[in-house]
Amino acid sequence: MKIRTLGMIALIMAILSVGVPYTILGDIGRIWASYLYWTILTVLTIVIGFIHLRGWDDKR
Amino acid sequence: MNPIYIGAALTIWFFIGVVIAYMARKHLGKGMPEFFLANRKLGGFISGMTYSATTFSAFMMVGLVGLTYSTGVGAVGFEMIYIIFTILLLVIFAPRFWVAGKKYDIITPPELMAKRYNSRWVGIVSSIICLIMLIPYASVQMMGVGFLIEGMTSTSLPSFQIFGVTVSGLYLIGVLLVAGFSGISAFWAGMRSVSWTDAFQAIIMLGASVILVIFVFYHFFGGPAGFVTEISTEQSHLLELNWDLSMFIGLTLPWAFFALTNPQVSQRMFVSDSVKSIKQMIIYFSIFALVYTIITTLLGLSIAGTGLTVTDPDRAMPVLLGNVPVLLALVVFVSIFAAATSTLSSVTLTLSSLGSRDLVKKVKPSISEKLEVYSGKIIIVIILLSCIVFANLRLDMIAVLSSMASGGLLVMAPTIIGSFFWKRSTTEGALSSMVVGGIITSFLYLAGEAYYPLGWWPSFWGLIVTVSIFVGVSLMTEPPDGTEKFLDEVEEGVEEYGMV
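About the criteria used
- Residues numbered from 1 in each chain as written.
- Chains lettered and ligands numbered in written order.
- Predicted model: local features only at pLDDT ≥ 70, side-chain atom pairs only at ≥ 80, totals over all residues.
- Heavy atoms only, no water.
- Helix = DSSP H or I, 4+ residues; strand = E, 2+ residues; numbered from the N terminus.
- Buried < 20%, exposed > 50% of the residue type's maximum accessible area, 1.4 Å probe, protein only.
- Areas by Shrake-Rupley, 256 points an atom, 1.4 Å probe, with all protein chains shown as cover.
- Contact = heavy atoms within 4.5 Å.
- Buried area = accessible area lost by both parts, 1.4 Å probe.
- Salt bridge = Lys/Arg side-chain N within 4 Å of Asp/Glu carboxyl O.
- Core = buried A, V, L, I, M, F, W, Y, C linked by side-chain atoms within 4.5 Å.
- Expected span 1.5 Å × (residues − 1).
- Bend = angle between axes of the 7 residues up to and from the residue.

**Regarding the overall build of chain A**
Each helix and strand in chain A was counted, giving two helices and zero strands. Over its C-alpha atoms, taken along the principal directions, chain A stretches across nearly 55 × 20 × 10 Å. Classification of the 60 residues of chain A by burial places 45% in the buried group. Of the roughly 3,400 Å² of accessible surface on chain A, 69% is carried by carbon and sulfur atoms.

Rendered as structure tokens:
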């Protein structure tokens, strides 16, 4: 993944991690609402990070 | 709880820690890179664990648990956003820090900025900002253990007055214990002993928290399903997002850039021995961070569901530990002690490297490496003494204090990002943005909430001011000599090592 792509992902994550809980999920008093949403976003980022790391290959 | 139990648990802990530090000392070589970076020879597992143990402090099991208990799910978002950004920042910046560190023999993050901006003043200013902002953060580690010992013991020791400040006996013992253990770990063998003890402490932190959350679920709620039912019905207000947006942004912004702006963690991007080890460091940290955050926030919600009486959010965990079996409480107590000492020893060691490398060395360039290490050791003692004094002032809530420290460090973010990704960034832009941004942010924090413009927090305004000045001044001035060469060499190195 290029740095520009990772930068875009960071921007999208910033918008999603603040925007959705403050507009849609914030009033729902259930564990599957904001709590689960933030956890899923974090897991998604970890997966993206791992995919990027798979490309690292020191061939020297 | 009987203080003798706590004393016995800490004695065992102390013994193990000293043995690990002693073993690390036997491997200690000579020179600055050896003392402060373990000669850039840490493997993936130790790199990952020292990164995790340094990042996650007493704040997690005391401050974050208390914050979730009192304010609900907003605390989860605050911490999860930290993890999201840390992972992204690590995959982008760790290769560049690592390559630049090896190529130019850089030991501290301010030294990296001084190299890129071709100005010792950039290094000096950023070191001073780190020293000022990290003293409260380091003190918070001591406060966490102080509160914990006070809250867990049934006995009380007399309080006394020093220079008009009332000092509680038990609290002071907690503060001194953390300071003593961290001091030994950092002083004895530098990064090697700190990272080895960190690895051991990280395992204890995670293991103890897993056992505690399982016990709490089954003992108080009859199982995880019972917990979810209880929390969704009786405590559903905690699952609604009731953090004011300005508070959420104000606390989260500094946390999002923590991996870059806090030198005790960014310095760890220099220590790995290979590309494989950096990869492993990021992977281990990601998993550790997710699991530890889920557990601590679930514990915060659980305490609300148990109906235990808690008078102050920072005492939520001590109250919980007073209601679980003694052995479990002791293991968790030791794990929190471990979290505090691992963070404190790393902060202390990093600040001492900043003091000796970026201040003493810059004032007296002819100083020998031996004297440089020696001055670093003296700085370790001075920092710990300053923290002890600060911790005994017992200011405000742990979570807010921690974030305030990171809020002050946030003013370095544009300069660090510009170091690698904006050719037009200049020395004048870096210096003016850090100085003016630092003054405005500190002034707003000290002035208090009544003076926050439009109700938005200092970190928010600080970042806006810092970015505006950094960009504006850089566009009006010329990049320093060697900018192109620095950027080309770093990018070539990243490509050569296959980290693209």
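From this point, the narrative continues.
**A short note on the interface of chain A and chain B**
Size of an interface: often given as the accessible area lost when the parts come together. Across the boundary between the two partners, chain A contributes 35 residues, which contact 46 residues of chain B. Taking both sides of the interface into account, the surface hidden between chain A and chain B amounts to around 3,500 Å²; carbon and sulfur atoms contribute 77%. Counting the surface chain A buries against chain B, the share from its top three residues, Y22, Y35 and W56 of chain A, is 23%. Our count for the contact surface shared by chain A and chain B stands at zero salt bridges.

**Quick look at the environment of I184 of chain B**
All names here are of chain B. Positionally, I184 belongs in helix α8 (residues 169–221). On the basis of relative accessible area, I184 is assigned to the partly exposed category, the value being 31%. Between the alpha carbons of I184 and S345 there is a distance of 8.5 Å; along the sequence they are 161 residues apart.

**Some words on the nonpolar core**
Residues and elements named next belong to chain B. By size, the foremost hydrophobic cluster in this structure holds 192 residues, and its most contacted members are M142, L212, L299 and M317. Sort the elements by how many residues they give to this core and helix α5 (residues 74–104) lands first, with 22 residues. Not counting residues within four places of it along the chain, the set of residues in contact with L299 comprises M61, V65, L212, V213, V216, M317 and L320.

**A short note on helix α13 (residues 275–306) of chain B**
Residue and element names in this part refer to chain B. Between its first and last C-alpha atoms α13 spans 47 Å; for 32 residues at 1.5 Å apiece the expected length is 46 Å, and the two agree. Buried residues dominate α13, accounting for 24 of its 32 residues. Phi turns positive, to about 80 degrees, at G307, one or two residues after α13.

**Looking at the environment of A430 of chain B**
Relative to the assigned elements, A430 of chain B resides in helix α19 (residues 427–447). Measuring from C-alpha to C-alpha, the distance between A430 of chain B and P224 of chain B comes to 51 Å, with 206 residues separating the pair along the chain.

**Things to note about helix α4 (residues 58–71) of chain B**
All names here are of chain B. Compared with the 20 Å implied by 1.5 Å per residue over 14 residues, the 19 Å span of α4 between its first and last C-alpha is a close match. Taking the largest bend as the criterion, α4 deviates by roughly 25 degrees, centred on L64. Extensive coverage of α4 is indicated by the burial of 13 of its 14 residues. Looking at the residues trailing α4, positive phi occurs at G72, about 80 degrees.

**Some remarks on the side chain of S182 of chain B**
Residues and elements named next belong to chain B. Note that S182 resides in helix α8. The buried category is assigned to S182, whose relative accessible area is 0%. Those residues in contact with S182 that sit more than four places away from it in its chain are T341, L344 and S345.

**Regarding the pattern of salt bridges**
Residue and element names in this part refer to chain B. The tally for this structure, following the rule as stated, stands at nine salt bridges over all chains. Across the pair E34 and R192 runs a salt bridge whose closest N-O atoms are separated by 2.9 Å. Placement of the pair is E34 in helix α2 (residues 32–37) and R192 in helix α8, with a sequence separation of 158 residues. We classify E34 as buried; its relative accessible area is 6%. By relative accessible area, R192 is classed as buried at 12%. We note a salt bridge from D105 to R40, for which the minimum N-O separation is 3.2 Å. With a gap of 65 residues between them, D105 in the loop between α5 and α6 (109–116) and R40 in the loop between α2 and α3 (44–55) connect regions that are remote in the sequence.

**Considerations on unusual backbone geometry**
The phi torsion of most residues other than glycine is negative, and most of the peptide bonds are trans. Residue and element names in this part refer to chain B. Phi is positive for A38, close to 50 degrees, though the residue is something other than glycine. By the element assignment, A38 lies in the loop between α2 and α3. In this model, R40 sits at a positive phi of 55 degrees, which is unusual for a non-glycine residue. With relative accessibility at 11%, the residue R40 sits in the buried group.

Scope: geometric values only; no functional claims are made or implied.
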